[in-house]
Amino acid sequence: MTATTAARPVRRRSSGTPDSHGFPTRPYDLVKEFVVALVVVTILTVILAAAFSSPDEKAMTMSDWAAAAPNDVVATAAGELAGTTTSAGYGPPYNTAADGQMLGPLPLQKWGGVRIPVDSAQDLVVTPLSHVTGNPDLTAALATWTAASADQQTTWASAYSDALSKAPDGDPKQVATGDYGPVPTMSEAFLTLAGSGGLEGALSSSTTFYASDQTRPLLLLSDGSYLEDQARARHLGGDQWGMMNETGNYPGQPWMWLYTFWYQIPPFSTSDNADALVWGLMMLLTLLLVLVPFIPGLRSIPRWIPVHHLIWRDWYRDHPRRRA
Amino acid sequence: MRNGVVLMDSGGRYIDSGVIQISLTNAIIIVAMIVVFALAILLPFPGRGRRGGRGGDS
């Protein structure tokens, strides 16, 4: 694909705008440039991949969680039963506990609807525990839990959750005596189930035939503090410009700099609606970018910063009258 | 976190200065992109010399 060379006088329309067909052209082989660029990028990709490999973080399992932070597992289970975890109060698409992210008066998250219903206590704790066999204490605890009223369940679980938060290091063995019903037994059994490696299957196999839906395991993990601690240790936190980062020293997504920048400064960094606000702001900025040719001032920037004079410097050197 | 230093830990090397926190790798890539952009503008167009002057092709 080439353009031909032709030295024609530049014609001007009556409006004073030069006729684009009047400018000289040069031969240029776009196919050749594409092939050269493809070959260079392919060679660079192979060399860099061979030299640096790629990020390969070990997948986090419930068993890892139970081994590394057993008290966090117990606290999370108690929190799920009490309905105080993030997922329990998240709102759509999991439940109706909150309206979620709003853009001014517009309840964007609520408009999405509850498309993946999750009852945190039942789906993330009670149902997986109900698959455990050979534990009479757990069977009795589950029977007691199921027979109790919702208010009684909340009272037991909230009391135990509060007691855990006051215990040294959140250690279940050092919790003050109290009326916690079957919650301690259930929480301890939950820790044992997580440590055995059986929790992943119990959480994921109950949703799809191929057990490939990781929604519930991920919700449970994110309700604890272990996942966030691991993410923050790798600079992946929202207030660490994490959207831009990859684990270790691998390059991340630097083109996300503007999107993640807003999360670092007020009012976004202190707002519960940061996701909706940042999205709205980026949509506004994108609209401004699209409309640049029509916005006085913005559309004049090329005249103030004439980069095109550098690119076409030979032309402007030979045609000094055309300088802005 | 300290300001204006390269943080080195198991999570990688990071430049931390005020509200800015960027991995050294990302910073190098951004600088490289700017350098490539500047070179693309400033270097002469390939093949210009073969056509014997800038005549009507520029």
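**Student:** Explain the overall build of chain B to me, please; I cannot follow it from the model alone.
**Tutor:** The secondary structure content of chain B amounts to one helix and three strands. Going residue by residue from the N terminus, the α and β elements of chain B occur as β-β-β-α. Considering chain B as a whole, with its 58 residues, one finds that 28% of them fall into the buried category. A fraction of 0% describes how many contacts in chain B between residues 6 or more apart in sequence connect residues 24 or more apart.

**Student:** Help me understand a nonpolar patch on the surface, please; the structure alone is not making it clear to me.
**Tutor:** Residues A:L298, A:I301, A:W304, A:I305, A:V307, A:L310, A:I311, A:W312, B:F37 and B:L42 make up a contiguous nonpolar surface patch of roughly 990 Å² in combined accessible area. Elements supplying a minimum of two residues to the nonpolar patch: helix 14 (301-304) and helix 15 (307-311) of chain A together with helix 1 (24-42) of chain B. Relative to the helices and strands, A:W304 is located in helix 14.

**Student:** Would you mind going over helix 13 (residues 274-290) of chain A with me for this structure?
**Tutor:** In an α-helix, one full turn covers 3.6 residues, which means residues spaced three or four apart are oriented alike. Helix length check: helix 13 of chain A, at 17 residues, gives a terminal C-alpha distance of 24 Å against a target of 24 Å (1.5 Å per residue), a fit within 8%. Buried residues of helix 13 of chain A: A:A274, A:A276, A:V278, A:G280 and A:M282, and no others.

**Student:** Looking at this structure, I do not really get the pattern of salt bridges. What am I missing?
**Tutor:** A side chain with one charge may pair with a side chain of the opposite charge, provided their charged atoms come close. All names here are of chain A. Scanning the entire structure with this criterion turns up six salt bridges over all chains. As a salt-bridge pair, D123 and R216 come within 3.9 Å of each other at their nearest N and O atoms. Here the residue D123 occupies a position in helix 5 (residues 120-130), and R216 occupies one in helix 10 (residues 215-223), the gap between them amounting to 93 residues. You can call D123 buried: its relative accessible area is 16%. Classification of R216 as buried rests on a relative accessible area of 15%. For R317, the salt bridge is made with D314, and the minimal N-O distance between the two is 2.5 Å.

**Student:** Would you take a moment to explain the pairing of strand 2 (residues 12-17) of chain B for this structure?
**Tutor:** Consecutive side chains along a regular strand alternate between the two faces of the sheet. Residue and element names in this part refer to chain B. Residues of strand 2 alternate between two faces, with G12, Y14 and D16 buried on one and R13, I15 and S17 left unburied on the opposite face. Taken together, the four bridges between strand 2 and strand 3 (residues 20-23) define a ladder with antiparallel strand orientation. When the bridges of strand 3 are listed, I15 appears paired with I22. Joining the antiparallel neighbours strand 2 and strand 3 is a turn of two residues, in which G18 adopts a positive phi near 60 degrees.

**Student:** Please clarify how the nonpolar core should be interpreted in this entry.
**Tutor:** Across soluble globular proteins, nonpolar side chains show a tendency to be buried alongside one another. Residues and elements named next belong to chain A. The biggest cluster of nonpolar side chains holds 43 residues, and the ones touching the most others in it are L81, L129 and M186. Looking at this core, the elements that each hand over two or more residues are helix 2 (62-68), helix 3 (70-82), helix 5, helix 6 (136-147), helix 7 (150-166), helix 8 (183-196), helix 9 (199-204) and helix 10. For this core, the leading source of residues is helix 8, giving seven residues. Those residues within four positions of L129 in sequence are excluded, and the remaining contacts are L138, L142, M186, A189, F190 and L193.

**Student:** Honestly, the packing of aromatic side chains in this entry has me stumped. Any pointers?
**Tutor:** Here a ring pair, both rings aromatic, is described through the centre-centre distance and the interplanar angle of the planes. Considering all chains together, one arrives at five aromatic pairs over all chains under this definition. Taken together, A:W241, A:F261, A:W262 and A:F268 form an aromatic cluster joined through their ring pairs.

**Student:** Just checking my understanding: could you explain the confidence of the model for chain B for this structure?
**Tutor:** Low-pLDDT portions of the prediction should not be read for the details of their coordinates. Residue and element names in this part refer to chain B. Averaged over every residue, the pLDDT of chain B is 75; the share at 70 or more is 60%. The weakest mean pLDDT in chain B belongs to strand 1 (residues 5-9) at 54; the strongest belongs to helix 1 at 94. Every residue in residues 52-58 scores below 50 in pLDDT, and together they form 14 contacts with partners more than four places removed in sequence or on other chains.

**Student:** In this structure, what is going on with the layout of surface pockets? I would like to understand it.
**Tutor:** The method is simple in principle: a probe with the dimensions of a water molecule rolls over the atoms, and the space it marks as empty is what remains. Residue and element names in this part refer to chain A. By volume, the largest pocket amounts to about 960 Å³. Lining the largest pocket are 33 residues, and of these T86, Y90, E228, G238 and D275 sit closest to its centre. Among the secondary structure elements, those contributing two or more residues to the lining of the largest pocket are helix 10, helix 11 (226-233) and helix 13. In terms of residue count, the dominant contributor to the lining of the largest pocket is helix 10 (five residues). Each residue belonging to the lining of the largest pocket can be placed in one class, and the counts come to eleven nonpolar, 16 polar and six charged.

**Student:** What is the right way to read the packing of helix 6 of chain A against helix 8 of chain A from this model?
**Tutor:** Angle between the axes and distance between the axes: these two values describe a pair of packed helices. Residues and elements named next belong to chain A. Running from N to C, helix 6 and helix 8 cross one another at 130 degrees; their axes reach a closest spacing of 9 Å. Here helix 6 is positioned oblique relative to helix 8, judged by the angle of their axes. Regarding helix 6 and helix 8, the two cross each other, and that crossing is left-handed. Residue-level inspection shows D137, L138, A141, L142 and W145 of helix 6 in contact with helix 8, the latter providing V183, T185, M186 and A189. Of the residues assigned to the contact of helix 6 with helix 8, the class counts are seven nonpolar, one polar and one charged.

Reading guide: rules and limits
- Residues numbered from 1 in each chain as written.
- Chains lettered and ligands numbered in written order.
- Predicted model: local features only at pLDDT ≥ 70, side-chain atom pairs only at ≥ 80, totals over all residues.
- Heavy atoms only, no water.
- Helix = DSSP H or I, 4+ residues; strand = E, 2+ residues; numbered from the N terminus.
- Buried < 20%, exposed > 50% of the residue type's maximum accessible area, 1.4 Å probe, protein only.
- Contact = heavy atoms within 4.5 Å.
- Patch = residues over 30% accessible without salt bridge, like charges linked within 9 Å, V, L, I, M, F, W, Y side chains within 5 Å.
- Areas by Shrake-Rupley, 256 points an atom, 1.4 Å probe, with all protein chains shown as cover.
- Salt bridge = Lys/Arg side-chain N within 4 Å of Asp/Glu carboxyl O.
- Expected span 1.5 Å × (residues − 1).
- Pairing = 2+ DSSP bridges.
- Core = buried A, V, L, I, M, F, W, Y, C linked by side-chain atoms within 4.5 Å.
- Phe/Tyr/Trp six-rings, centres within 6.5 Å; stacked < 30°, edge-to-face > 60°.
- pLDDT = per-residue confidence, 0-100.
- 1 Å grid on protein atoms, 1.4 Å probe; cavity = no way out; pocket = protein on both sides within 12 Å on 5 of 7 lines; lining within 4 Å.
- Points joined across faces, edges and corners; volume = space filled by probe spheres on them.
- Nonpolar A, V, L, I, M, F, W, Y, C, P; charged D, E, K, R; others polar.
- Axes fitted to C-alpha atoms, helices over the stretch in contact; angles between N-to-C directions.
- Parallel < 35°, antiparallel > 145°, perpendicular 65-115°, else oblique.
- Left-handed = near helix turned anticlockwise from the far one by under 90°.

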